[in-house]
Every structure is written in C-alpha cells, then in structure tokens.
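The lines below spell out each chain.
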Amino acid sequence: QRAMQIWGNGRSPEAEALLNHALAIRQDRLGPGDPKVAEVIERMGALSYNRGKYDAAEEPFKKAFDIDRKALGERNVRTSVLMGDIGAAMREQHRCLEAQDIVERSLKLYRESLPPNNLLIAGRLNNLSRIYFCERRYSDARQALRNSLSIYVARSNAVGMQEDQALLKRIDNAERNAHRLAAWGFVLGASALLSLTVHVTCTLWCERRHIATAANR
C-alpha cells in the first residue's frame, strides 16, 4: 500500500524498489506460492499499468494469477480480480479478442459468487464495455455500460457514474462518426463509379467516331 502511495506522489523508482524489497522478504518467509506474495506481484503489475507500460504489467499480473489460482482456486474473488487485471492490460495493447475471453470469464465468476449489485461486477462490466468499444461493437459496449451504470446508481457511487457516463458519450460519438464515414464512403464510391462510367462512355464514343471517320475516307 505504501509503495502505491509513493508512486502517487510521483516517486516511481522508490516505489519499485520498495515492492522488490517486500517481495524478497515475503518469498523468503512464506515461500513463492503464498497469496501474500501474489499481492506484492500484483502491485508491481499495477505500478507498470499506471505508468502506461501495459506489456510490462501483463507478466506480473499473470504470475500473481497463477499463484492465487493454485492456492485459492479459480473461483476465488481475488483470482477473478487478477483475471480482470490481465484483461485490462491486454485491452490496452489492443489485443481485444484475448481480453474479451478472460474478462467475460471473470465476470461470469463474479456473478456466481457475488451479490448482483456488487461494485466489482460494475467495474468488470465497465472493462468489458471498453473491450467491445475496442472491437467497434457499439451496441454491446453500450449495453454492458448501462448494466454497469445501473449498479453504480443503485449504490450511489458518483465516481463510477461519472466514468460510465463519460464512456457512454465516447461510444455514442464514435458510432456517429462511423456512420458518417460509411456514408461518405458510399458517396465517394458512387461518385468514382459515375466518373468511371462517363470516362468509358466517352472513350467508346470517341473510338466509334474515329472508326466511322476512317471508313468514310
């Protein structure tokens, strides 16, 4: 926790050193397969993720996931959290199909073990919406986001509501722009076809006129 606070103050190298020190201590005292070791590794991944180093974040997230899955089982909430972390790192690398698979699995596990209005479910729906958005599946993205928003509203979570509403606007704008581009593509395509038709017609007419002129000589 202290390492993330230090990172929040803009002291990333110090936070990284603190996490490495904590990891060495926990591995020595508890062994490499203890969930408390996974906690430190997860924070190392979160540090990289928050610095925008998504490929570097994916590896520690996966290591922490493997530890928790073996120690706690795949249906444990902590294991499901890490599945979402891995999916988010993949999403930010534009590996949307891979991210979709693991985040949908995580959401399914959440829904089986948590109350329907749990904030973890809302967060996972938000993550899934971003993945659908990445895939340009605007209707699916909007539906997932509305499900997420309904939980935040029920729980009076202002931060979650603001984030979902902002993302919903982005989805609506992107879909409108996609429709405009498609319309322009149709217009440009029709215009190009018309120009080609006129060109071919003129060429044929000129050739026929040339042949007729030559025959009359």
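None of the values given here were measured: they were computed from a predicted structure. Residue indices follow the written sequence of each chain, beginning from 1 at its first position. Residues qualify for local features only when their pLDDT is at least 70, as the model is predicted, and side-chain atom pairs are given and counted only at 80 or more; totals for whole chains, interfaces and linings, by contrast, use all residues. Side-chain calculation: all heavy atoms of the structure are included, whereas hydrogens and water are not.

A. Just the layout of surface pockets, in detail. Only protein atoms enter the 1 Å grid, on which a cavity is a set of points fitting a 1.4 Å probe that cannot get out and a pocket is an open set with protein on both sides within 12 Å along at least 5 of 7 lines, lining residues being those with an atom within 4 Å of a point. Grid points are joined across faces, edges and corners, and a volume is the space filled by probe spheres set on the points. Estimated volume of the largest pocket: approximately 350 Å³. Lining the largest pocket are 18 residues, with Tyr49, Asp85, Ala88, Arg124 and Asn127 positioned closest to its centre. For the lining of the largest pocket, the leading source of residues is helix 7 (residues 119-134), giving seven residues. Taken together, the residues that form the lining of the largest pocket break down as eight nonpolar, four polar and six charged. Approximately 180 Å³ is the volume attributed to the second largest pocket. Top element by residues in the lining of the second largest pocket is helix 7. It accounts for three residues. For the lining of the second largest pocket, the residue count by class is three nonpolar, one polar and four charged. A run of H or I in DSSP counts as a helix once it spans at least four residues, and a run of E counts as a strand once it spans at least two, with each numbered from the N terminus. Here the term charged refers only to Asp, Glu, Lys and Arg, the term nonpolar to Ala, Val, Leu, Ile, Met, Phe, Trp, Tyr, Cys and Pro, and the term polar to all other amino acids, Gly among them.

B. Quick peek at the side chain of glutamate 58. Inspection of the secondary structure assignment puts glutamate 58 in helix 4 (residues 54-72). Definition of a polar contact: a pair of N or O atoms within 3.5 Å, with one able to donate and the other able to accept a hydrogen when the atoms are protein atoms, and with sequence-neighbouring residues admitted only if both atoms are side-chain atoms. For glutamate 58, the side chain forms a polar contact with the side chain of glutamine 93, separated by 2.9 Å. The contact partners of glutamate 58, leaving out residues within four places of it in the chain, are Ala89, Met90, Gln93 and Arg95. Contact definition: two residues touch when any of their heavy atoms are within 4.5 Å.

C. View of helix 7. Between its first and last C-alpha atoms helix 7 spans 23 Å; for 16 residues at 1.5 Å apiece the expected length is 22 Å, and the two agree. Whether a residue is buried, partly exposed or exposed follows from its accessible area with a 1.4 Å probe, protein chains only, as a fraction of its type maximum: under 20%, in between, or over 50%, in that order. What helix 7 keeps buried is the set Ile121, Ala122, Arg124, Leu125, Asn126, Asn127, Leu128, Ser129, Ile131, Tyr132 and Phe133. Its side-chain oxygen at 2.8 Å from the backbone nitrogen of leucine 120, asparagine 118 defines the N-terminal cap of helix 7. Take the residue count of a helix, subtract one, and multiply by 1.5 Å to get its expected span.

D. Expanded view of the packing of helix 3 (residues 35-50) against helix 4. Note on geometry: axes are lines fitted to C-alpha atoms, helical ones only across the stretch in contact, with angles between N-to-C directions running from 0 to 180 degrees. Direction vectors running N to C along helix 3 and helix 4 enclose 160°, while the axes themselves pass 8 Å from each other. Comparing their axes, helix 4 and helix 3 come out roughly antiparallel. Considering the relative orientation of helix 3 and helix 4, their crossing is left-handed. Contacts between helix 3 and helix 4 pair Pro35, Val37, Ala38, Ile41, Glu42, Met44, Gly45, Ala46, Ser48 and Tyr49 from the former with Tyr54, Ala56, Ala57, Pro60, Phe61, Lys63, Ala64, Ile67, Asp68, Ala71 and Leu72 from the latter. Note on terminology: angles under 35 degrees are roughly parallel, angles over 145 are roughly antiparallel, angles of 65 to 115 are roughly perpendicular, and the others are oblique. Note: crossing handedness is left-handed where the near helix turns anticlockwise from the far helix by less than a right angle, and right-handed where it turns clockwise.

E. Seen up close, the pattern of salt bridges. Should a side-chain nitrogen of Lys or Arg be within 4 Å of a carboxyl oxygen of Asp or Glu, the pair is scored as a salt bridge. Under the definition given, this model contains 18 salt bridges. The partner of arginine 91 in a salt bridge is glutamate 92, with the nearest N and O atoms 2.6 Å apart. By relative accessible area, arginine 91 is classed as buried at 10%. Looking at glutamate 92, the relative accessible area reads 28%, which means it is partly exposed. Beyond isolated ion pairs, a larger network of salt bridges with shared partners links Glu58, Lys62, Arg95 and Glu98.

F. Structural context of helix 8 (residues 138-154). Under the 1.5 Å per step criterion, the end-to-end length of helix 8 is 24 Å for 17 residues, consistent within 8% with the ideal 24 Å. Listed as buried for helix 8 are Tyr138, Ala141, Arg142, Ala144, Leu145, Ser148, Leu149, Ile151 and Tyr152. Just beyond helix 8, the residue with positive phi is serine 156, at close to 55°.

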